[in-house]
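A closer look at the structure
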Amino acid sequence: MKIGIYFDSTSGNTEVAARQVQEFFGDDLAELNTISEAGFSDLETFDLVIFGIPTWDYGHLQSDWEELWSELEETNLSGTTVALFGLGDQYGYPEWYLDAMGILHDLCAEKGANIVGRWPNQGYEFEASKALTEDGSHFVGLALDEDCQPEKTEQRITQWCTALLEELTQKRDIAAEVAAV
Ligand SMILES: Cc1cc2nc3c(=O)[nH]c(=O)nc-3n(C[C@H](O)[C@H](O)[C@H](O)COP(=O)(O)O)c2cc1C
């Protein structure tokens, strides 16, 4: 299995989280890239692509994501398995918590990605978020908050990465069963 972690970060929080995700899988398995350096051209070479995105300026994409958005809009993601993690500040920006992760999720879905790694929304306090699933029960990816809940980050990353591996294994088993019929 080959994992590509793609992120960008203005004040460094998403970078620290991305490094922790890479550490979980190990650098033999998981490659770490900033989108500003790597762009999106090699995504199809990975079994799993993990996108890390912070929300800035009242519900907007972080500046590097903003700049490269049109490139992602032109990228075909059908057949690519994508997981997302987002950074935000739930007390400081409660009406826009993790909106950028939700916006990125919607584009990935539109481009045909197979999206994995949703995350329960218990243990957070916010008013609104574009990063919630349709039924509101989960976030569309891992929700992190280095501003208000930094002590929870490490454990959240470990739990999410563990669940992600289980989800991928299950999907692979189901695909093998279907192929065997
Ligand atoms: C000016 C400013 C605007 C922000 N706007 C939002 C926002 O709309 N929603 C949110 O969830 N977090 C918001 N945040 C919080 C950042 O997403 C958070 O600090 C994040 O960890 C930054 O990630 P980075 O260091 O990787 O850039 C904002 C922070 C600042 C300083």
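Since the structure is predicted, the reported quantities are computational estimates derived from the model, not experimental observations. (Residues numbered from 1 in each chain as written. Predicted model: local features only at pLDDT ≥ 70, side-chain atom pairs only at ≥ 80, totals over all residues. Heavy atoms only, no water.)

Some details on the overall build of the protein chain
What counts is decided by this rule: Helix and strand assignments come from DSSP, with helices taken as H or I runs of at least 4 residues and strands as E runs of at least 2, each series counted from the N terminus. When we talk radius of gyration, it's over C-alpha atoms, and the globule rule is simply 2.2 Å times the number of residues to the 0.38. Exposure categories follow from relative accessible area, calculated using a 1.4 Å probe and restricted to protein chains: below 20% of the type maximum is buried, above 50% is exposed, and the middle band is partly exposed. In this description, contact between two residues means that some pair of their heavy atoms is separated by no more than 4.5 Å. Computed with the Shrake-Rupley method and a 1.4 Å probe, the accessible areas treat only the protein chains shown as cover for residues. The charge count treats Lys and Arg as positive and Asp and Glu as negative. His and the chain ends do not count. Here the site of a charge means atom NZ of a Lys, CZ of an Arg, CG of an Asp or CD of a Glu.
Helices and strands together make up the secondary structure of the protein chain, namely five helices and nine strands. Going from the N terminus to the C terminus, the protein chain shows its helices and strands as β-α-β-α-β-β-α-β-α-β-β-β-β-α. Scaling as 2.2 N^0.38, a compact globule of 181 residues should have a C-alpha radius of gyration of about 16 Å, and the protein chain matches this with 15 Å. Across its three principal directions, the C-alpha atoms of the protein chain cover 50 × 35 × 30 Å. For the protein chain, the proportion of its 181 residues judged to be buried stands at 47%. Within the protein chain, contacts between residues at least 6 apart in sequence are counted, and of these 75% link residues at least 24 apart. Here the protein chain has roughly 9100 Å² of accessible surface; of this, 45% comes from carbon and sulfur atoms. Charge-centre separation for the protein chain: the mean point of 9 positive side chains lies 6 Å from the mean point of 35 negative side chains.

Remarks on helix α4 (residues 99-110)
One turn of an α-helix holds 3.6 residues; hence residues three or four places apart share an orientation. Selection rule: Under the convention used throughout, the expected extent of a helix is 1.5 Å for every residue step, that is, one less than its residue count.
Taking 1.5 Å of rise per residue, the twelve residues of α4 would be expected to cover 16 Å, and the 17 Å separating its terminal C-alpha atoms lies within 8% of that figure. Taken together, the buried positions of α4 are occupied by Asp99, Ala100, Met101, Gly102, Leu104, His105, Leu107 and Cys108. Positive phi appears at Gly112, one or two residues downstream of α4, with a value of about 90 degrees.

Things to note about a nonpolar patch on the surface
Rules: Each patch is built from residues that are more than 30% exposed by relative accessible area and take part in no salt bridge. Like charges join if they lie within 9 Å; nonpolar side chains (Val, Leu, Ile, Met, Phe, Trp, Tyr) join within 5 Å. Salt bridge, as used here, is a side-chain nitrogen of Lys or Arg placed within 4 Å of a carboxyl oxygen of Asp or Glu.
On the surface, a cluster of nonpolar side chains totalling about 220 Å² of accessible area is made up of Met1, Phe24 and Leu165. With relative accessibility at 31%, the residue Phe24 sits in the partly exposed group.

A short note on the site of the ligand
Formally: Near is defined per residue: the residue qualifies when any heavy atom it owns lies within 4 Å of the molecule or strand. N or O atoms closer than or at 3.5 Å make up a polar contact, with two conditions inside protein: a donor-capable atom paired with an acceptor-capable one, and, for residues adjacent in sequence, both atoms drawn from side chains. Gly is put with the polar residues, along with every residue not named as nonpolar or charged; the nonpolar set is Ala, Val, Leu, Ile, Met, Phe, Trp, Tyr, Cys and Pro, and the charged set is Asp, Glu, Lys and Arg.
The environment of the ligand is formed by 20 residues, the closest being Ser9, Ser11, Thr14, Thr55 and Asp147. Within the contact set of the ligand, an oxygen atom lies 3.0 Å away from a backbone nitrogen or oxygen of Gly12. Asn13 is positioned such that a nitrogen or oxygen atom in its backbone is 2.8 Å from an oxygen atom of the ligand. When the ligand sits alone it has 640 Å² of accessible area, and the protein chains cover 88% of it. Sorting the residues of the shell around the ligand by element identifies α1 (13-25) and β3 (48-56) as the ones contributing at least two each. Looking at which element gives the most residues to the shell around the ligand, the answer is β3, with three residues. Among the residues forming the shell around the ligand, the class breakdown is eight nonpolar, nine polar and three charged.

Structural notes on the state of the cysteines
Defined as follows: Cysteine sulfur atoms are paired as a disulfide whenever they come within 2.5 Å of each other.
Scanning the entire structure with this criterion turns up zero disulfides. Here Cys108 is not cross-linked by a disulfide; its sulfur's nearest cysteine counterpart is in Cys161, at 17 Å. Judged by its relative accessible area of 0%, Cys108 falls in the buried class.

Description of the packing of α1 against helix α5 (residues 153-180)
Here is the rule we go by: Orientation is described by axes fitted as lines to C-alpha atoms, over the contacting stretch for helices, and by angles from 0 to 180 degrees between their N-to-C directions. Convention used here: angles under 35 degrees read as roughly parallel, angles over 145 as roughly antiparallel, angles from 65 to 115 as roughly perpendicular, and any remaining angle as oblique. Each crossing is labelled by how the near helix is turned from the far one, with a counterclockwise turn of less than a right angle marking it left-handed and a clockwise turn marking it right-handed.
It is at 10 Å that the axes of α1 and α5 come closest, and there the two elements cross at 45 degrees. Comparing the axis directions of α1 and α5 gives the class oblique. Once α1 is placed against α5, the crossing between them reads as right-handed. Contacts between α1 and α5 pair Ala17, Gln20, Val21, Phe24 and Phe25 from the former with Thr153, Glu154, Ile157, Thr158, Cys161, Thr162, Leu164 and Leu165 from the latter.

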